[in-house]
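Chains, contacts and geometry: an overview
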Amino acid sequence: MSSTPPSISLQPIDPNDALNDVPARVTTERFTVAAEICMRARDDLARRGYKPDGEKNLRRFGIWEITTFMLPVSAQHLRRVLKANPELPQGEAEKAGGTKTFTLDEINQIRAFLESEGQQGKGYRPYRPKDQPAKVVSVCNFKGGVSKTTTGAHLAMASALDGYRVLVIDLDSQASMSTMFGSMAEDEGQTAYSILAWHRARHAAMTLGIEDLTSKELDEEIREAAAVTADDVIFGTHWPTIDILPAQLNLYWSEFQVPVWMQSHRSWQFWDALRAFLEAQNLLLDYDVIIIDTPPALGYLTINALSAADILLIPVGASFIEFDSTGRFFDMLYTTFVSIEDSMARLHEDAPKFSWDAVQVLLTRYDDVQQSELANVIQVYLDDFVANYRQEFTALVGQAGERVSGIYEASHTDFNRDTYRRGRETFDRCYHEFKRLLIGCWERDRIEAERKEAAE
């Protein structure tokens, strides 16, 4: 088929000719056929990033990449350390005399050794204060196509490569994040739907004055929902230090089920479900960073993500339509959470108000040639809300997306080294600014905790 579009005639369109081109009317059954076709195509395309056995596989990393992007040591020094310590992973080469590569688990073993035996203060392992919980980061905006999933996935991967333990939570029923990490939920029971049901069940039991959640006084549905644990909804991924709470299409039913539950339990604070689950299951201690991918709508799931978050990251493209949409998003955030605060204040005079450690607008898919003027305007208007670094779109991102993977899963051996370095730098710089924000928030918490302890 020719890629050249046909010329457009200025002659009037003949209704009979137009009629001949109109397809048959579409019934709802046709949607089922289209859905089945898309699902088959999705599976075929997704397997471009999978092993032959159907599982995703994280590639290995060479010494150049490790010492350039992951550990603050030279290649020569790393080779000397490995030679002097044969108990450490020595890497594998595909052929005799070839370049040795390492798994991420092996790199983390080397990282731990350098942290304990190497020069102090070098930052072999990333900073997190003792006794401080994980930071929960919600990537949100109700405008679709602003790179929420791409941003969240790459921050998760960069954090893992840096040595952090990461939990990814997919609240979007389209499940793009779950696809990227190769872990699709089988049904809504393995999604955040179960967390909402868990929280509602506990509230129902409390309302009845029943402390034993296994009591026969509670109906079976309540008992089953109250018994949900992290093991039921959190799964490993092909990244050894990234776990995921996945999504699937039926997760969307929670948007219809929550108002039904609220009718029978009007005092249920549905917005607190996700945070309460993270705390009750000790997930804030098990992980360093928790990244939530939200749906492109301000529904019950997104409100939970925003309520649970310490940091809000709001991706937005440098276009008028996306900027305008982001303004409406902020307006809806205000309206929604003021309404919740007012409802809590009516129940408790000293009810706390919502607050976040930081809110940051991140300009994504940025093209300096075409978008610099509008980006500068956005920077002026939103001021300290806007991240300093603008996440540029690179060919490397597009090629990685075609393989259903992130750029950190793409090997530099598949590209010119300079091309790879430039492509990776856009996300490395984005992660560096995020990490600086993360550490600053932790440090503020640490200092405030010390002051509070001293005052007591």
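See above for the structure.
All values reported here derive from a predicted model rather than from experimental measurement.

This paragraph deals with the packing of helix H6 (residues 148–161) against helix H18 (residues 417–455). At a minimum axis separation of 10 Å, H6 and H18 run at an interaxial angle of 80°. Between H6 and H18, the angle is such that the two are roughly perpendicular. Here Thr150, His154, Leu155, Ala158, Ser159 and Leu161 of H6 lie close against H18, whose contacting residues are Arg424, Phe427, Cys430, Tyr431 and Phe434. In terms of residue class, the contact of H6 with H18 is made up of seven nonpolar, three polar and one charged.

Here the focus is the side chain of arginine 424. By the element assignment, arginine 424 lies in helix H18. Taking relative accessible area as the criterion, arginine 424 reaches 3% and is therefore assigned buried. Side chain to side chain, arginine 424 and glutamate 65 meet in a polar contact 2.9 Å long.

On to a nonpolar patch on the surface. On the surface, a nonpolar cluster with roughly 380 Å² of combined accessible area is contributed by Tyr252, Trp253 and Phe256. Inspection of the secondary structure puts tyrosine 252 in the loop between strand S7 (242–245) and helix H11 (254–264). Judged by relative accessible area, tyrosine 252 falls into the partly exposed class, the value being 45%.

Taken together, seven strands build an open sheet; the order of strands is S6-S7-S5-S8-S4-S9-S10 and the sheet is mixed. Edge positions in the open sheet fall to strand S6 (235–236) and strand S10 (358–364), since each of these has one partner strand only. Of the strand pairs in this sheet, strand S4 (residues 135–139) and strand S9 (residues 311–317) are connected by three bridges, and their pairing is parallel. Along S9, the bridge assignment pairs serine 138 with leucine 312. Sitting on the sheet, helix H12 (residues 273–280) is in contact with S4, strand S5 (166–170) and strand S8 (289–293), with an inclination near 150° to S5. Sitting on the sheet, helix H15 (residues 320–347) touches S9 and S10, and the angle it makes with S9 is about 150°.

If you trace the three strands from one edge of the open sheet to the other, you get S1-S3-S2, paired in antiparallel fashion. This sheet does not close on itself; its edge strands, each paired only once, are strand S1 (61–62) and strand S2 (92–93). Bridging between S2 and strand S3 (residues 100–102) involves two bridges; their strand directions are antiparallel. Along S3, the bridge assignment pairs glutamate 92 with threonine 101. Each of S1 and S3 is contacted by helix H5 (residues 104–117), which is oriented at about 85° to S3, the strand it contacts most.

Aromatic ring pairs: the centre-centre distance and the angle between the two ring planes describe each pair. By the definition in use, this model includes 15 aromatic pairs. With a centroid separation of 5.8 Å and 50° between ring planes, the pair formed by tyrosine 193 and tryptophan 261 is classed as tilted. Note that tyrosine 193 is positioned in helix H8 (residues 192–207) and tryptophan 261 in helix H11, a separation of 68 residues in sequence. Of the two residues examined, tyrosine 193 and tryptophan 261, each falls in the buried class. Between phenylalanine 270 and tryptophan 271, the aromatic rings sit 5.4 Å apart at their centres with planes inclined by 80°, giving edge-to-face as the arrangement. Per residue, the accessibility class of phenylalanine 270 equals that of tryptophan 271, and both read buried.

Criteria and cut-off values
All residue numbers here refer to positions counted from 1 along the written sequence of the relevant chain. Local features are withheld for residues below a pLDDT of 70 in this predicted model, meaning they are given only at 70 or higher, and side-chain atom pairs are given and counted only at 80 or more; totals for whole chains, interfaces and linings count all residues. Computation of side-chain values: all heavy atoms of the structure, hydrogens and water removed. Comment: axis = line fitted to C-alpha atoms, over the contacting stretch for helices; angle = value between 0 and 180 degrees taken between N-to-C directions. To qualify as a helix, a DSSP run of H or I must reach at least 4 residues; to qualify as a strand, a run of E must reach at least 2; elements of each kind are numbered from the N terminus. The cut-offs work like this: below 35 degrees is roughly parallel, past 145 is roughly antiparallel, 65 to 115 is roughly perpendicular, and the gaps in between are oblique. Contacts: residue pairs with any heavy atoms within 4.5 Å of one another. The nonpolar class holds Ala, Val, Leu, Ile, Met, Phe, Trp, Tyr, Cys and Pro. Asp, Glu, Lys and Arg form the charged class, and all remaining residues, Gly among them, are polar. With a 1.4 Å probe rolled over the protein chains alone, any residue whose accessible area is under 20% of its type maximum counts as buried; one over 50% counts as exposed, and the rest are partly exposed. Pairs of N or O atoms within 3.5 Å make up the polar contacts considered here, provided that, within protein, one atom can donate a hydrogen while the other can accept it, and that residues adjacent in sequence are counted only when both atoms are side-chain atoms. Residues enter a patch when their relative accessible area is above 30% and they make no salt bridge; the linking distance is 9 Å between like charges and 5 Å between nonpolar side chains (Val, Leu, Ile, Met, Phe, Trp, Tyr). For the area figures, the Shrake-Rupley method with a 1.4 Å probe applies, and any residue is considered shielded solely by the protein chains shown. A carboxyl oxygen of Asp or Glu within 4 Å of a side-chain nitrogen of Lys or Arg is what we treat as a salt bridge. A pair of strands is treated as paired once DSSP finds two or more bridges between them. What counts as a ring pair is set by centres within 6.5 Å for rings of Phe, Tyr and Trp (its six-membered ring), and what kind of pair is set by the plane angle: stacked under 30 degrees, edge-to-face over 60, tilted for all other angles.

Don't take any of this as a statement about function, it's just geometry.
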